[in-house]
Amino acid sequence: PSKYKFNKALANHFVDFCDSLATLFKLPLPLSMTYVVDENNESLMKHLGYFYYPSGTGNGGKCLCKDTIILSSLGENHRHEVVHIFTHMNNPDVIGFFDEGLATYFGGNLGKSFQWQINHLSAYIKDKPDLDISNPDAFQYIDDKSNPQYVLGSIIIKYTIDKYGFQKVLKLLQYSKKEMTFLGVIEKELGIKAVDLNSFFRNYIAQLSTLTP
């Protein structure tokens, strides 16, 4: 659209980020990247040959990994969604908890940074000592600014990188969701039992949060 000002600087930052991911994952970069911008979802999808209507607030994105397409309302540098392309290139059956965790660690979520999400989660659980935040069935929603499971996944990624290095993250991403649960992988690879995970999360969130106690 004529009224849209394409931000070349952000696009270049995005290319640099993709280059870094290619190095981390030891995968080749695509030879080219095409941006398609339109005024609304319906018009945009006509360029791609089919219709897709994103759910939620619209302040986010979607990765269509098989088609290597990123749908985004967050501008030219959407790091969260591109992480999924790299993780799925290595393992299309990757466990979602780790996949979304890495995407949130590197690219934030819903337009908010990893640190913002940590602080937001810390503030939410502060007055809820009886909430088992390690139970994905009991803790799926905070508000439309955050997905707590994505944030908890990013915390595991942060812990893994700090303690073991990125090669260990690649190990977590190798497991199939058809064969293992994220709880089983965390216990096997990181030595944290499911019964201890709630306290682990709470203690680590307290360490990572930059909110004033």
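Thresholds, definitions, all that
- Residues numbered from 1 in each chain as written.
- Predicted model: local features only at pLDDT ≥ 70, side-chain atom pairs only at ≥ 80, totals over all residues.
- Heavy atoms only, no water.
- Pairing = 2+ DSSP bridges.
- Helix = DSSP H or I, 4+ residues; strand = E, 2+ residues; numbered from the N terminus.
- Phe/Tyr/Trp six-rings, centres within 6.5 Å; stacked < 30°, edge-to-face > 60°.
- Buried < 20%, exposed > 50% of the residue type's maximum accessible area, 1.4 Å probe, protein only.
- Lys NZ or Arg CZ within 6 Å of the ring centre and 35° of its normal.
- Salt bridge = Lys/Arg side-chain N within 4 Å of Asp/Glu carboxyl O.
- Contact = heavy atoms within 4.5 Å.
- Disulfide = S-S within 2.5 Å.
- Core = buried A, V, L, I, M, F, W, Y, C linked by side-chain atoms within 4.5 Å.
- Axes fitted to C-alpha atoms, helices over the stretch in contact; angles between N-to-C directions.
- Parallel < 35°, antiparallel > 145°, perpendicular 65-115°, else oblique.
- Nonpolar A, V, L, I, M, F, W, Y, C, P; charged D, E, K, R; others polar.

### Focus: the pairing of strand β1 (residues 61-64)
Phase 1: Taken together, the four bridges between β1 and strand β2 (residues 69-72) define a ladder with antiparallel strand orientation. Across the sheet, the residue bridging to Lys62 is Leu71, located in β2.
Phase 2: Remark: four residues form the turn of the hairpin made by β1 and β2, two consecutive strands paired antiparallel; Thr68 in that turn has positive phi of roughly 50 degrees.

### Points about the packing of aromatic side chains
Geometry of an aromatic ring pair is reported as the spacing of the ring centres plus the angle between the planes.
Phase 1: Under the defined criterion, the tally for this structure stands at 14 aromatic pairs.
Phase 2: For the ring pair Phe97 and Phe98, a centre distance of 5.7 Å and an interplane angle of 80 degrees mean the geometry is edge-to-face. Exposure class is identical for Phe97 and Phe98. Each is buried.
Phase 3: Centroid distance Tyr159 to Tyr204: 5.6 Å. Interplanar angle 90 degrees. Geometry classified as edge-to-face. With Tyr159 in helix α6 (residues 148-164) and Tyr204 in helix α9 (residues 197-208), this pair connects stretches of sequence that are 45 residues apart.
Phase 4: Members of the aromatic cluster, each reached through a chain of ring pairs, are Phe17, Phe25, Phe86, Tyr105, Phe106, Phe114 and Phe166.
Phase 5: Lying over the aromatic face of Tyr164, Lys168 brings its terminal NZ or CZ to 5.3 Å of the ring centre.

### Side note on the pattern of salt bridges
Oppositely charged side chains can form a pair if their charged atoms are brought close together.
Phase 1: Evaluated as defined, the whole model comprises two salt bridges.
Phase 2: Among the ionic pairs, Asp162 bridges to Lys158, the shortest N-O distance being 3.2 Å. Of this pair, Asp162 and Lys158 are both found in helix α6, four residues apart, which corresponds to roughly one turn of the helix.
Phase 3: Glu189 serves as the salt-bridge partner of Lys168, at 2.8 Å between the closest nitrogen and oxygen. Taken together, the residues span a long stretch of sequence, with Lys168 in helix α7 (residues 166-174) and Glu189 in helix α8 (residues 182-190) at a distance of 21 residues.
Phase 4: Residue classification places Glu189 among the buried positions, given a relative accessible area of 11%.

### Some points on α7
For an α-helix, the turn length of 3.6 residues means that residues three or four places apart are oriented alike.
Phase 1: Among the residues making up α7, those that are buried are Phe166, Lys168, Val169, Leu170, Leu172 and Leu173.
Phase 2: On its buried side, α7 packs onto α1 (8-25), α3 (79-90), α4 (96-107), α6 and α8.

### A short note on the state of the cysteines
Phase 1: Counted under the stated rule, the structure contains zero disulfides.
Phase 2: Summary of cysteine pairing: Cys18 is not part of a disulfide, and the nearest cysteine sulfur, belonging to Cys63, is at 11 Å.
Phase 3: Residue Cys18 is classed as buried on the basis of its relative accessible area, which comes to 4%.
Phase 4: For Cys65, which is in no disulfide, the shortest distance to another cysteine sulfur is to Cys63 and amounts to 3.3 Å.

### Overview of the nonpolar core
Phase 1: Within the largest apolar cluster, 48 residues are counted, with the highest numbers of intra-cluster contacts made by Phe98, Ile155 and Phe201.
Phase 2: Looking at this core, the elements that each hand over two or more residues are α1, α3, α4, α5 (114-125), α6, α7, α8 and α9.
Phase 3: Core analysis: the next-biggest nonpolar cluster, separate from the first, contains five residues, Leu44, Met45, Ile69 and Leu71 among them.

### A short note on the packing of α6 against α7
Phase 1: α7 packs onto α6 with a crossing angle of 135 degrees between their chain directions and a minimal axis gap of 7 Å. The angle between α6 and α7 falls in the class oblique. Each of Ile156, Ile157, Thr160, Ile161 and Tyr164 in α6 lies in contact with α7, whose residues at this interface are Phe166, Lys168, Val169 and Leu172.
Phase 2: Here the residues of the contact of α6 with α7 are counted per class, giving seven nonpolar, one polar and one charged.

The quantities given are spatial measurements derived from coordinates; they are silent on function.
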